[in-house]
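# Observations on chain architecture
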Amino acid sequence: MTEKHALIVGANQEVETLVLKALQPDIWVVMSVPDNLAALAVARATAFHLIVSSDKTSGQEDIELLRQIRRLHPHTRLIILAADSTPADVIASMRERAFSYLSKPFSFDTLAEMIRMATEGPCWDDGIEVVSGTPELIRVLVRCDVNAADRLVHFLNEVAELPDPERSQVATAFRELLLNAIEHGGRLDPNQYVEIEYVRARHMIACHITDPGLGFRLDEIHHAAIANPADDPMRHVALREEEGMRPGGFGVLLARQLVDELIYGQDGNEVLLVKYLDPAKLKSA
């Protein structure tokens, strides 16, 4: 089996333990260095498959490290852990093709999941393309691949800077609709892309998702929970089994409960998600 190399930069004990636990020792050779300068020095001699940045440096510092390393090794997957961050930093990391970006205080479960995707998935570091981007309005193309979708959800979660529970509500609803677009519109075809327009207004989040499919009507998708009659709330489960579909079908129904507006276009291959924000919560966040 081919040996792979990972690099941990300036990590605290918790991060280092998590990375070592996530990587199989018979496959991965893991190195640790104290800072970004040392990371760049060893990267000149070794092509690392995965690098986890220090959680003591800023987003800007780690983005600069990413730029320099990708000039040496274009397909290195770098997960940024940022002590200080701004929405503009997150967008810049997407442009530079960071694999993921987590600012403090970040979830160790999320970090473990990003490491899993970075080490197990195919080399599709071009799965997310920023067409244009400011902290207020971002246009993105995402490959019709579930891992790329999950990575995009985390990036946009960092950009939005929402208070809880709005943060998790928007992220969950957006993920469900994005997966629907990728699975049913893009047919999980890695050559197809879904277009996202993400707007962060003062008191509102809006997300417009357009998939490459032919579209549908809500009253035609009998395999989804939203089409179940009132006296048979689980009918879609049996229909999905009959059609050989994966378990699920709750996406649209769940999204409708988590956001304020869910508006479908004429052809059914585009949807607008809107979440209104409480000004009092924003001031205290």
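For the structure given in this document, a descriptive report is provided here. This is a predicted model, so every value here is computed, not measured. (Residues numbered from 1 in each chain as written. Predicted model: local features only at pLDDT ≥ 70, side-chain atom pairs only at ≥ 80, totals over all residues. Heavy atoms only, no water.)

### Details of the pattern of salt bridges
Operational definition: Only one rule defines a salt bridge in this text: a Lys or Arg side-chain nitrogen within 4 Å of an Asp or Glu carboxyl oxygen. Helix and strand assignments come from DSSP, with helices taken as H or I runs of at least 4 residues and strands as E runs of at least 2, each series counted from the N terminus. Only protein chains enter the area calculation, which uses a 1.4 Å probe; residues under 20% of their type maximum are buried, those over 50% are exposed, and those in between are partly exposed.
All told, the structure shown has 8 salt bridges when counted by the stated rule. Two residues, Glu113 and Arg116, come together in a salt bridge whose shortest N-O distance is 2.7 Å. Of the two residues, Glu113 and Arg116 both sit in helix α5 (residues 108-120), 3 residues apart, roughly one turn of that helix. A salt bridge links Arg116 to Glu120; the shortest N-O distance between them is 3.2 Å. Pair noted here: Arg116 and Glu120 are both in helix α5, with a separation of 4 residues, about one helical turn. Classification of Arg116 as partly exposed rests on a relative accessible area of 31%. On the basis of relative accessibility, which here comes to 58%, the residue Glu120 falls in the exposed class.

### Some remarks on helix α7 (residues 166-185)
For clarity, the threshold we go by: To estimate the expected span of a helix, count its residues, drop one, and scale the result by 1.5 Å.
For α7, with 20 residues, the first-to-last C-alpha span of 27 Å sits near the 28 Å given by 1.5 Å per residue. Among the residues of α7, those classed as buried are Glu166, Val170, Ala171, Ala173, Phe174, Leu177, Leu178, Leu179, Ala181, Ile182, Glu183 and Gly185. Downstream of α7 by one or two residues, Arg187 has phi in the positive range, about 55°.

### As for the pairing of strand β8 (residues 193-201)
Our working definition: We call two strands paired when DSSP finds no fewer than two bridges between them.
Burial of the side chains of β8 is restricted to one face: Val194, Ile196, Tyr198 and Arg200 are buried, whereas none of Tyr193, Glu195, Glu197, Val199 and Ala201 on the reverse face is. In this structure, strand β7 (residues 137-143) lies alongside β8, joined through 7 bridges in antiparallel fashion. By the bridge assignment for β8, Val140 is matched with Ile196. Relative to strand β9 (residues 204-210), β8 runs antiparallel, the two being bridged by 7 bridges. Across the sheet, residue Ala201 finds its bridge partner in β9, namely Met204.

### Points about the packing of α7 against helix α9 (residues 251-258)
Formally: Axis lines are fitted through C-alpha atoms, for helices just across the contact stretch, and the angle between N-to-C directions can take any value from 0 to 180 degrees. Reported orientations rely on four angle classes, namely roughly parallel under 35 degrees, roughly antiparallel over 145, roughly perpendicular from 65 to 115, and oblique for the rest. Crossing handedness is read from the near helix: turned anticlockwise from the far helix by less than a right angle, it gives a left-handed crossing, and turned clockwise, a right-handed one. Contacts between residues were defined by any pair of non-hydrogen atoms, one from each residue, lying within 4.5 Å. Note on residue categories: nonpolar means Ala, Val, Leu, Ile, Met, Phe, Trp, Tyr, Cys or Pro, charged means Asp, Glu, Lys or Arg, and polar means any other residue, Gly included.
Two numbers describe how α7 lies on α9: the axes approach to 9 Å, and their chain directions differ by 150°. Taken together, the axes of α7 and α9 lie roughly antiparallel to each other. In this structure, α7 crosses over α9, and the sense of that crossing is left-handed. On the side of α7, the interface is formed by Gln169, Thr172, Ala173, Glu176, Leu177 and Asn180, while α9 contributes Gly251, Val252, Leu254, Ala255 and Leu258. Here the contact of α7 with α9 is built from residues that sort into 6 nonpolar, 4 polar and 1 charged.

### Topic: empty space enclosed by the protein
Any empty space left between the atoms is revealed when a probe the size of a water molecule rolls over them. To be explicit about the condition: Put simply, the grid is 1 Å and covers the protein atoms alone, a cavity is a trapped set of points that fit a 1.4 Å probe, a pocket is an open set with protein on both sides within 12 Å along at least five of seven lines, and lining residues have an atom within 4 Å of a point. Grid points are joined across faces, edges and corners, and a volume is the space filled by probe spheres set on the points.
For the structure on display, the rule yields 2 cavities of 30 Å³ or more. The calculated volume of the second largest cavity comes to roughly 40 Å³. Lining the second largest cavity, in full, are Val153, Leu156, Asn157, Val170, Ala171, Phe174 and Tyr198. If you list the elements that add at least two residues to the lining of the second largest cavity, you get α6 (146-160) and α7.

### Quick notes on the nonpolar core
Using the following cut-off: Nonpolar cores were defined as sets of buried Ala, Val, Leu, Ile, Met, Phe, Trp, Tyr and Cys residues, with membership established by side-chain atoms within 4.5 Å.
Core analysis: the largest hydrophobic core is formed by 58 residues, its most contacted members being Leu152, Phe174, Leu178, Val194, Ile196 and Ile209. Per element, the largest residue contribution to this core is 9 residues, and it comes from α7. When near neighbours in sequence (up to four residues on either side) are disregarded, Ile196 contacts Ile138, Arg139, Val140, Val142, Leu152, Phe174, Leu178, Cys207, His208 and Ile209. The next biggest cluster of nonpolar side chains, apart from the first, holds 20 residues, and it includes Val19, Leu102, Leu111 and Ala118.

### Quick notes on the environment of Val9
Relative to the assigned elements, Val9 resides in strand β1 (residues 4-9). C-alpha separation for the pair Val9 and Val33, spaced 24 residues apart in sequence, amounts to 5.1 Å. Once you skip the residues sitting within four places of it in the chain, Val9 turns out to touch Val33, Asp35, Asn36, Ala39, Ile51, Val52, Ser53 and Ser54.

### What about the sheet that holds β8?
Strand-to-strand pairing in sheets goes through backbone hydrogen bonds, with the strands running parallel or antiparallel. The strand order β6-β7-β8-β9-β11-β10 describes an open sheet built from 6 strands, whose pairing is antiparallel. Because the sheet does not close on itself, it has two edges, and the strands there are β6 (128-133) and β10 (261-264). Neighbour to neighbour, the strand axes of the sheet diverge by 15° on average, direction disregarded. Strand direction decides the pairing type here: β9 and strand β11 (residues 270-276), joined by 7 bridges, are antiparallel. By the bridge assignment for β11, Cys207 is matched with Leu273. Seen against the sheet, helix α4 (residues 87-95) touches β6 and β7 and runs at an angle of roughly 130° to β6. Across the face of the sheet, α6 comes into contact with β6, β7, β8 and β9 while running at roughly 165° to β7.

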